[in-house]
Amino acid sequence: MRFYITTGLLFLFCFEAFSQVHEVSGRVIDADSRVALPFVNIVINDGPRGGTSDIDGKFFLRSSQDITFLSLSYMGYESRRFEIDKKNNNLLIKLKKVEYKLPEYVVFPDENPAHRIINNAITFRDYNDPEKLPGFSYTSYDKMIFTFELDSIPELDSLDIDSTDQEFFEKHHLFIMESISERKFMYPDKNNEKVIATKVAGFKDPIFVFLLSQIQSTSFYKEMIKVSNKTYINPISKGSTKKYFFLLQDTLYTETNDSVFVISFRPRRNKNFDGLEGVISINTNNWAIQNVIAEPYGVKGGVSLRLEQMYEYVQGKQWFPVQLNTIAILNNIAIDDSATQINISSGEDTTGTRINMPFGFGKSYIKNIDLDPDLRNRDFGSVVVDVDPNANYRDEDFWKGYRIDSLSEKEINTYDFIDSISKEENFERTAKTFESLLTGRIPWGFIDLDISRFIRYNSYEGFALGAGLHTNDRLSQVIKVGGFFRYGFKDKAFKYGGDLQLSLYRNWELEADLEYMNDVIETSGVTFFDEKPAFFKPEYFRNFLVKRMDKTVLYKGSIGFRALKYLKLNVGLQKSNKQVTNDYLWGVGEDNIMVYFDQFDFTEVRIGLRYAYGEKIIQNLRKRISMGTKYPIFWFQYTRGIRGFLSGDFDYNRYDFKIEDSFYTKYLGETSFKLVAGYIDTDIPYSNLYNGNGAYRVFTIFAPNSFATMRMNEFLSSKYVALYFTHNFGKLLFQLKKFKPEFAIATNIGFGALDFDQSHYNIDYKTMELGYYESGLQINNLLNLRLYNLGIACYYRYGPYGFDYGWDNIGAKFTLNFNFGKIRN
């Protein structure tokens, strides 16, 4: 018996010796900046087995052989052979950066070998895209840090940086925030993300909680990739091998005998399109993306974003993103050697060293992935990101269950320091002030000052100064009272008004409004129920040109709510008295006896709806913010004029319709259009008809979605339809290193008719039965002033209503576009 036991133990010992698994782990960082390097290629001994570092630069490798050295390679860095002594765990390996650019041209004996790999990845794109699955769910832990890494500055010792400041930046970041969210997805486009925990340095209200989730998509398989608010062509998309230059950099082999091809990419020379540059790793297991690093191509100055994504083969059937990084980089920072100072510049030539400095790091870790969750349609609403009311009150034990690593001492110091100064400086109030500014208001104690009421200009009033105010949430979140006054220096008249707003049920967006106004309103203009003044929208610029207005006394009550997931409904009753401000008269009579009027009483019941399929709503604890939709938005508004009720003089039915959309076409640019139409079934005064929507001056500011060559009030209609079409090529047609104008073409078409034309006196007008046509060219971004950019435009009028003298058909404009993103209603 002893013999058998001894023999068995000896056999087990020998088996263990021959099958012993050797392990090695550590982290790879940049030798200068000490920033983690993701997806570094690592080969054990002489290969071929190995792996890559993860998104945090960490690696863990196994081998059946004794590990004596590691061979590391990474694009843009020196290759390194790292010897393994006695220590196999928690290694810290530093790689030195070298200047590297993809070659201008590479001559291949046959087809570029990278093209076969990329084309296979494109073929399997839908198969590998997680958002083509019937559904999935996961939990995400997100952390964002803004910091100032002194280690990333070369020759730091020669710079005149105060020792106190240097010590502070060594122990603190500038800002930190964390969040935990649970996401559900159901094909094709139903999304819900519930933020169950949030922690923001210096703030109790999670107002920034949705920031990180909106910067980059969790999938790199779409035709176009959105980075922040800009669209780029995906290198893994149809036809990309004709637009992108790909170069096979390395080939690795996994433990499961799959190959991983490491391919660098950038747009081809002389191909003008918004593209990305970076490195992508393709695994032969379903030809799926395993890792990708990408950033906008050709950014020379300012701030750019770099995306890093890591995928794993989950549950043996689907590649799924498990780690996402977003890195914000200050480009072309000048280190002035002579002045011993740091100068953040936009890329102009100055003396001294120039570096690109990472300053913002957003990390997302995805776990608890379920590829077959039990989901129903009722699990999804219009709100795609919602914050749990208890999200800001989670204890440390709760956070420990989701954090990948414990907070570092530097991160803890950052929370403590910012929280302490937040109490002294009242960051919470400052943040709410900023939030109010985005809505056009300045908080002042218990009231908000309405920015749009301070100053305005139009051709009727001239310059007008005034003020507007409303109570805010500090007084009541349910009831808000406000008012305004204004004095026009050209018409020498005061205007004033007041309103009461009731927020009745937040989940349904149920609100009631009462309003009184003694003001001037554009004659025969068109407004929809949800339109609000917004001076940063270029369409608002047409108001500068309006010169025919009616003095209006208005009483109005309305109630609005979200009737369905994507449908908003508004019902209102209003009474108005309108008095013309020119010689116009409206005449009625019989048997050659005419009576003429220059002021009119209207009583109207109005029903309006807005339908925005797929609209994404982000909701924090106080506000709902629309992130728009990729589908067209529809408006319909029905107005019933009632004679004899509240002194109304006119019976009529009015129907107004609007649809607008914008979409991006690969390699062609962005197309946008707006279609509007209206119909009135009865003879009513000029004040409530349709004026044509002209916006002409010989040279003036450009106002989109109006007729640039049509004179103000040139046409009059009781029914009309108008189409405004624009295609923006962006920088696709022409760009230099420092000069990148954006070209756009536009065509506007209108038809109209006046069914009842016997009642209008002392006024000249035309009708548009034959069709109004104009086309134009815009050259935007000729002068970029960071907050906004300037350009020029020229439109030409042609067709049945073109003038005989050619110069009269031309409308010259200057364009002004704000650079903080497109805003959709």
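Keep in mind that what you see is a predicted model, and the values were worked out from it rather than measured.

Caption draft 1: Spotlight on the overall build of the protein. Regarding its fold elements, the protein presents eight helices and 45 strands. Within the protein, the proportion of its 825 residues that are buried is 48%. Sequence-distant contacts, at least 24 apart, represent 64% of the contacts inside the protein between residues at least 6 apart.

Caption draft 2: Fine view of empty space enclosed by the protein. The tally for this structure, following the rule as stated, stands at two cavities of 30 Å³ or more. Approximately 40 Å³ is the volume found for the second largest cavity. Per-class residue counts for the lining of the second largest cavity are five nonpolar, four polar and two charged.

Caption draft 3: Local environment of the sheet that holds strand E2 (residues 41–44). Across the sheet, which stays open at both edges, the four strands sit in the order E3-E2-E5-E6 with antiparallel pairing between neighbours. With one partner strand each, in any of the chains shown, strand E3 (50–52) and strand E6 (80–83) form the two edges of the open sheet. The sheet shows a mean angle of 20° between the axes of neighbouring strands, taken without regard to direction. One ladder, built from three bridges, connects E2 with E3; its direction is antiparallel. Bridge pairing links isoleucine 42 to glycine 51 in E3.

Caption draft 4: Here's a closer look at a positive patch on the surface. A cluster of basic residues, Arg27, Arg34, Arg80 and Lys94, forms a positive patch on the protein surface. Within the secondary structure, arginine 34 sits in the loop between strand E1 (22–30) and E2. Overall, the relative accessible area of 39% leaves arginine 34 in the partly exposed class.

Caption draft 5: Summary view of helix H2 (residues 113–123). By the burial criterion, the buried members of H2 are Ala114, His115, Ile117, Ile118, Ala121 and Ile122. Down the axis of H2, the buried side of the element spans an arc of 165°, and every buried residue falls inside it. For H2, the secondary structure elements touched by its buried residues are helix H3 (125–128), helix H5 (240–243), strand E13 (244–253), strand E14 (259–267) and strand E15 (276–283). The N-cap of H2, judged by a side-chain oxygen 2.9 Å from the amide nitrogen of alanine 114 a few residues on, is asparagine 112.

Caption draft 6: The arrangement of the pairing of strand E28 (residues 510–522) in detail. Pairing between strand E27 (residues 493–505) and E28: nine bridges, direction antiparallel. In the strand pairing of E28, leucine 502 is matched with alanine 512. Relative to strand E29 (residues 549–562), E28 runs antiparallel, the two sharing 12 bridges. Paired with aspartate 519 across the strands is threonine 552, a residue of E29.

Caption draft 7: Spotlight on the pairing of E2. The turn linking E2 back onto E3 is made up of five residues, and asparagine 45 within it adopts a positive phi angle of 55°. Judged from the four bridges that link them, E2 and strand E5 (residues 69–73) form a sheet pairing that is antiparallel. Residue pairing for E5: asparagine 41 is matched across the bridge by serine 73.

Caption draft 8: Broad picture of the sheet that holds strand E42 (residues 760–761). The antiparallel open sheet is built from three strands, whose spatial order is E32-E31-E42. Either end of the sheet is taken by a strand with one partner, and the two such strands are strand E32 (593–597) and E42. Pairing geometry for strand E31 (residues 585–590) and E42, over two bridges, is antiparallel. Bridge pairing in E42 links leucine 585 to tyrosine 761.

Caption draft 9: Looking closely at the confidence of the model for the protein. Averaged over all residues, the pLDDT of the protein is 85; the fraction at 70 or higher stands at 86%. By mean pLDDT, helix H1 (residues 2–18) is the weakest element of the protein at 41, and strand E36 (residues 633–641) is the strongest at 97. A low-confidence stretch, residues 344–350 (pLDDT under 50), is modelled with 14 contacts involving residues beyond four sequence positions or located in other chains. Under a pLDDT of 50 for its full length, residues 821–825 has, in the predicted model, 18 contacts with residues more than four places off or in other chains.

Caption draft 10: Geometry of the pattern of salt bridges. The tally for this structure, following the rule as stated, stands at 37 salt bridges. Here arginine 486 makes a salt bridge to glutamate 461, at a shortest N to O gap of 3.1 Å. Taken together, the residues arginine 486 in strand E26 (residues 479–488) and glutamate 461 in the loop between strand E24 (455–458) and strand E25 (462–471) connect sequence positions 25 residues apart. As far as burial versus exposure is concerned, arginine 486 and glutamate 461 are alike and both buried. In this structure, arginine 654 engages aspartate 656 in a salt bridge whose closest nitrogen and oxygen atoms are separated by 2.8 Å.

Caption draft 11: Spotlight on the packing of aromatic side chains. On inspection of all chains with the given rule, the structure shows 45 aromatic pairs. Ring centres of tyrosine 244 and phenylalanine 246 lie 6.0 Å apart, and the angle between their planes is 40°; on these two criteria the pair is classed as tilted. A relative accessible area of 0% means that phenylalanine 246 is categorised as buried. Geometrically, the ring pair formed by tyrosine 244 and phenylalanine 273 is edge-to-face, given 5.4 Å between the ring centres and 75° between the ring planes. Note that tyrosine 244 is positioned in strand E13 and phenylalanine 273 in the loop between E14 and E15, a separation of 29 residues in sequence. Of the two residues, tyrosine 244 and phenylalanine 273, neither departs from the other in class, the shared state being buried.

Caption draft 12: Broad picture of the environment of glycine 771. Relative to the elements of secondary structure, glycine 771 occurs in the loop between E42 and strand E43 (772–784). The residues contacting glycine 771, other than those within four sequence positions of it, are Gly750, Phe751, Pro800 and Tyr801.

Caption draft 13: Representation of a nonpolar patch on the surface. A grouping of Leu733, Phe734, Leu736, Phe739, Leu782, Leu783, Leu785 and Ile792 is seen on the molecular surface, where their side chains present a nonpolar patch of about 670 Å² in accessible area. One can find isoleucine 792 in strand E44 (residues 788–798).

Caption draft 14: Expanded view of the environment of isoleucine 745. As for its placement among the helices and strands, isoleucine 745 is situated in strand E41 (residues 742–753). Overall, the relative accessible area of 40% leaves isoleucine 745 in the partly exposed class. Placed 17 residues apart in sequence, isoleucine 745 and asparagine 728 show a C-alpha to C-alpha distance of 6.6 Å. Residue contacts for isoleucine 745: discarding those within four places in its chain leaves Phe725, Thr726, His727, Phe729, Gly776 and Leu777.

Here is what the cut-offs are and how they apply
Residues numbered from 1 in each chain as written. Predicted model: local features only at pLDDT ≥ 70, side-chain atom pairs only at ≥ 80, totals over all residues. Heavy atoms only, no water. Helix = DSSP H or I, 4+ residues; strand = E, 2+ residues; numbered from the N terminus. Buried < 20%, exposed > 50% of the residue type's maximum accessible area, 1.4 Å probe, protein only. Contact = heavy atoms within 4.5 Å. 1 Å grid on protein atoms, 1.4 Å probe; cavity = no way out; pocket = protein on both sides within 12 Å on 5 of 7 lines; lining within 4 Å. Points joined across faces, edges and corners; volume = space filled by probe spheres on them. Nonpolar A, V, L, I, M, F, W, Y, C, P; charged D, E, K, R; others polar. Pairing = 2+ DSSP bridges. Axes fitted to C-alpha atoms, helices over the stretch in contact; angles between N-to-C directions. Patch = residues over 30% accessible without salt bridge, like charges linked within 9 Å, V, L, I, M, F, W, Y side chains within 5 Å. Areas by Shrake-Rupley, 256 points an atom, 1.4 Å probe, with all protein chains shown as cover. Salt bridge = Lys/Arg side-chain N within 4 Å of Asp/Glu carboxyl O. Lys, Arg positive; Asp, Glu negative; His and termini not counted. Charge placed at Lys NZ, Arg CZ, Asp CG, Glu CD. Arc of directions from axis to C-beta. Polar contact = N/O pair within 3.5 Å; in protein donor to acceptor, adjacent residues only side chain to side chain. pLDDT = per-residue confidence, 0-100. Phe/Tyr/Trp six-rings, centres within 6.5 Å; stacked < 30°, edge-to-face > 60°.

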